[in-house]
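# Observations on chain architecture
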Amino acid sequence: MERMSEPGCALASYRFDRFVLEPRSRLLTSDGVVVPLSSRGFDILQLLVEQRGRVVTKDEILDSVWSGTLVEENNLAVQISALRRALGANGRAFIITVPGRGYRFVADVDEQRAMEPPEQPSVRRDAADGEPLGHASDPPPAAPNPPSAPGRRLLVRAGLGVGIVVTMALGLWLFDAHQAPPRLSIVVLPIRNLSDDTARNYVADAITDDLTTELAHLPGSVVIARETADSIAMQTLTAGEIGRRLNVRYLLEGSLRAEDMTLHINAQLIETRGGTHLWAQRFDVPQAHPGQARDQIVARLASALDIELVRVEAARTGRRPDDADAIDLFFRARSILDHDDTLHGFSTAQALLTRAVSLRPDFADAHAALGEALLRKIRDTDDPDEAADHQAALASIARALALSPDNGVALAAHAYAQFLDGHVTDAAYSAGAELALDPNDIMAQDTISNCALAQGRLDEAADALQTIMRLNPEGARSRQRALSLGTLRLLQGRLSEAEDWVRRSIAGDPDPQPGDDDLGRAEGARMLLIAIAGLRGRTVEAHALYAQYERLWPHRSVWRIAALTPRYMSALPGYARMAAALHAAGMPLHADERADDHVPPATTPLPETTFGATPMSLPGARTLDTAGLAAMIRDHRAGVIVDVGSGAAVIEGARWPGEAWLAGAPPGQTVVVMSDGLYGSAGYNAALKRVQAGDRQVAWYRGGEEAWNAAGYPGVDLRQ
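Residues numbered from 1 in each chain as written. Predicted model: local features only at pLDDT ≥ 70, side-chain atom pairs only at ≥ 80, totals over all residues. Heavy atoms only, no water.

Across the sheet, 4 strands lie side by side as β17-β20-β19-β18; this open sheet has parallel pairing. Of all strands in the sheet, those bounded by a partner on one side alone are β17 (622–624) and β18 (640–643). Neighbour to neighbour, the strand axes of the sheet diverge by 25° on average, direction disregarded. Note: β18 against strand β19 (residues 671–674), 4 bridges, orientation parallel. Note on β19: the bridge partner recorded for I641 is V672. Each of β17, β18, β19 and β20 (698–701) touches helix α24 (residues 626–634); the most contacted strand, β17, lies at about 100° to it. Contacting β19 and β20, helix α26 (residues 682–692) crosses the sheet at an angle of about 175° to β20. (Pairing = 2+ DSSP bridges. Helix = DSSP H or I, 4+ residues; strand = E, 2+ residues; numbered from the N terminus. Axes fitted to C-alpha atoms, helices over the stretch in contact; angles between N-to-C directions. Contact = heavy atoms within 4.5 Å.)

This part is about the confidence of the model for the protein chain. Taken as a whole, the protein chain shows an average pLDDT of 79; of its residues, 79% reach a score of 70 or greater. In this model residues 2–10 is a low-confidence stretch, pLDDT under 50, and it forms 21 contacts with partners more than four residues away in sequence or in other chains. (pLDDT = per-residue confidence, 0-100.)

Within the secondary structure layout, D596 lies in the loop between α23 (573–585) and β17. Assessed through its relative accessible area of 40%, D596 is described here as partly exposed. Residues D596 and P615, spaced 19 residues apart in sequence, show a C-alpha to C-alpha distance of 7.5 Å. At 2.8 Å, the side chain of D596 forms a polar contact with the backbone nitrogen of H598. (Buried < 20%, exposed > 50% of the residue type's maximum accessible area, 1.4 Å probe, protein only. Polar contact = N/O pair within 3.5 Å; in protein donor to acceptor, adjacent residues only side chain to side chain.)

Our focus in this paragraph is the sheet that holds strand β6 (residues 95–98). Strands pair in a sheet through their backbones, by hydrogen bonds, and they do so in one of two ways: parallel or antiparallel. With respect to topology, 3 strands assemble into an open sheet ordered β5-β7-β6, the strand pairing being antiparallel. What marks the edges here is a single partner per strand, and that holds for β5 (56–57) and β6. Pairing geometry for β6 and strand β7 (residues 102–105), over 4 bridges, is antiparallel. Following the sheet pairing, T97 is matched in β7 by Y103.

Attention now goes to the packing of helix α11 (residues 364–380) against helix α12 (residues 386–403). Contact geometry of α11 with α12 gives a least axis separation of 8 Å together with a crossing angle of 150°. One element, α11, and the other, α12, form an angle in the roughly antiparallel class. In this structure, α11 meets α12 at a crossing whose hand is left-handed. Along its contact with α11, which presents A364, H367, A368, L370, G371, L374, L375, K377 and I378, the element α12 presents E386, D389, H390, A392, A393, S396, I397, R399, A400 and L403. In terms of residue class, the contact of α11 with α12 is made up of 11 nonpolar, 4 polar and 4 charged. (Parallel < 35°, antiparallel > 145°, perpendicular 65-115°, else oblique. Left-handed = near helix turned anticlockwise from the far one by under 90°. Nonpolar A, V, L, I, M, F, W, Y, C, P; charged D, E, K, R; others polar.)

All right, on to the packing of aromatic side chains then. Going through the model one piece at a time under the given rule, you end up with 12 aromatic pairs. Seen in terms of ring centroids, F419 and Y568 are 6.4 Å apart; in terms of plane orientation they differ by 70°. Their pairing is edge-to-face. One end of the pair, F419, is in helix α13 (residues 408–420); the other, Y568, is in helix α22 (residues 567–570), and 149 residues separate them in sequence. Look at F419 and you get buried, because its relative accessible area is 9%. Centroid distance Y684 to W700: 5.1 Å. Interplanar angle 90°. Geometry classified as edge-to-face. Of the two residues, Y684 is situated in helix α26 and W700 in strand β20; the sequence distance between them amounts to 16 residues. There is no split in this pair, since Y684 and W700 are both buried. Over the ring of F363 we find R360, and its NZ or CZ is 4.6 Å from the ring centre. Sitting above the plane of the Y416 ring, R379 keeps its charged end 5.5 Å from the centroid. (Phe/Tyr/Trp six-rings, centres within 6.5 Å; stacked < 30°, edge-to-face > 60°. Lys NZ or Arg CZ within 6 Å of the ring centre and 35° of its normal.)

What follows covers the pairing of strand β2 (residues 19–22). Inspection of the sheet shows β2 paired to strand β3 (residues 27–30) by 4 bridges, in the antiparallel sense. What sits directly across from F19, in β3, is S30. Following β2, the chain reverses through 4 residues before pairing antiparallel with β3; R26 in that reversal takes a positive phi of roughly 55°.

Time to look at the pattern of salt bridges. By the definition in use, this model includes 27 salt bridges. A salt bridge links E111 to R52; the shortest N-O distance between them is 2.9 Å. Of the two residues, E111 sits in strand β8 (residues 110–115) while R52 sits in the loop between α1 (39–50) and β5, which places them 59 residues apart along the sequence. Taking relative accessible area as the criterion, E111 reaches 31% and is therefore assigned partly exposed. The salt bridge partner of R54 is E60, with a shortest N-O separation of 3.2 Å. Given a relative accessible area of 31%, R54 falls into the partly exposed group. Residue E60 is classed as buried on the basis of its relative accessible area, which comes to 19%. In the salt-bridge network here, residues are joined through shared partners; they are E499, R503, R536, R538 and E541. (Salt bridge = Lys/Arg side-chain N within 4 Å of Asp/Glu carboxyl O.)

Below is the structure:
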């Protein structure tokens, strides 16, 4: 294979479609505007273009671009994905994957050759101390000349999926000192290697390179090119001076230090105008495999910086809500989604993103974020508009993919939507395809975990969750994922690990109060700890824990908990062991439909609850017990039975799910309304609504699916 052009050789510029690739200046431009690429991304594109028309194997690319470096093959997939995104709508058409072999560049290319000027001496920096190294006799570098015309400023804009990126070569291009910095502008200074082992320099360089590329994917971002960042780092400048020189609002600096088999990472985000330290993080990663360590470092830093930069910019733009544009609205929504997973949070983000796409209908990232937000709203809350939100999510995801076929958020959201629709195999395939492009996509890893659990592959489900915990240990959902890992380990019978993960999920939480977070993390963790204590033989502790639990969360039963658990999970053998342990600690198998909690009958809807107590009767309707309903069915007097419950034990012939039927049914028809059980407001409120619509033939079956199951009558489990 012919190598890429070497110094001193004739260098070509390559024109294809609207792009020009210039190896001498290491620039890719689109209609004269610079397209941001990482250093390795540029090398890969140059190699593919020079070898156009033939398959370049993965080994050839790795040997050429990562020569002498041990690297995981998925790094190549990530770089190829970034290249395709940078090349826009035709990225996949230009770079074709040849399965099992490599990649082929197939665009028509016009090559023009020119001679490269002789190489000039350069100054390099010692990564350990940041000092320039050069010949003692070298004169100090001349200060750059000021710009002579406005044309000597360069503001480059990439496509929407990549954001806006500024590339500035010092000594040639300078920004107007009076121009306000772009709102999400940042320079990533080279990560310093503080180890005695200078062989770690390449790891620090790779982290800097990949992190620069990752941050450029933020919509609206302005990320200074790596070459400029290297040049700035050689000079002794304050944060304010760097900000003014590069016209950026933020800078990121950091270091790594190798010790034994661990890499210690430090990083901090600084606002250049005031030198304020906005964020800092220190963490350790094992370095048994250099490629994996580097990927983990980049993923953790990129994820944390993504969240922090969006938060800061959201706070900034939130101070001028009447002048918000689509990017402002996007940042504010993203910040909410990063920190608030309540119904109010999702609804607020939904409204902001809806405004953003109305202002800019071609804003692919906003469409993708809206689709993801709606799916998370359905998954994480009791969404009152679930059906409408589900359809809106699908439409938003489809629009995002039509605008940007490689949009990672949209691809991951599409996979999760398939999972919610019950297409588990398709969802796993779609999520796997997105992970081939971006192994660090957390939503795709979440979907892989859910799909594996649904198919009974508990080890695979746990592995995906642990991957997320390694990549994003401080994320907004890290505690919920710790609880999920505890659940998986309990189902596998790995009780010690299960207990560690469950306790980790609630460490530092305030003490729960009665009625807090029905079936949320606080309750789920306490329930699992009861089962774990019982299964580990700590019977007295299990009974004591259940007594505390029941005071906080009354009206639970083993059957209702199982009915509200996904069907695939409650069918696992490990779940039966957990349920038996809860019952042994004191939780009843079923609620007693005769229980009177002294709630007065109401002519207005009850508060929406899952386990709230209900009255013994409903004004204007007949209240049925199980024996009464069974007699009506036997005598063919039941009319239409409508079930608005979870669907765990649906009576044969009943309408389920019943909400849509009730909304459209004409008055005057005999209707029996039921739900999960006597605890929870859904059945009472649905029957009351029929009464208030003028029906005089309404019956409310108070005991619901739970009482029907407890009496031993047959019911069909229609849950997914």
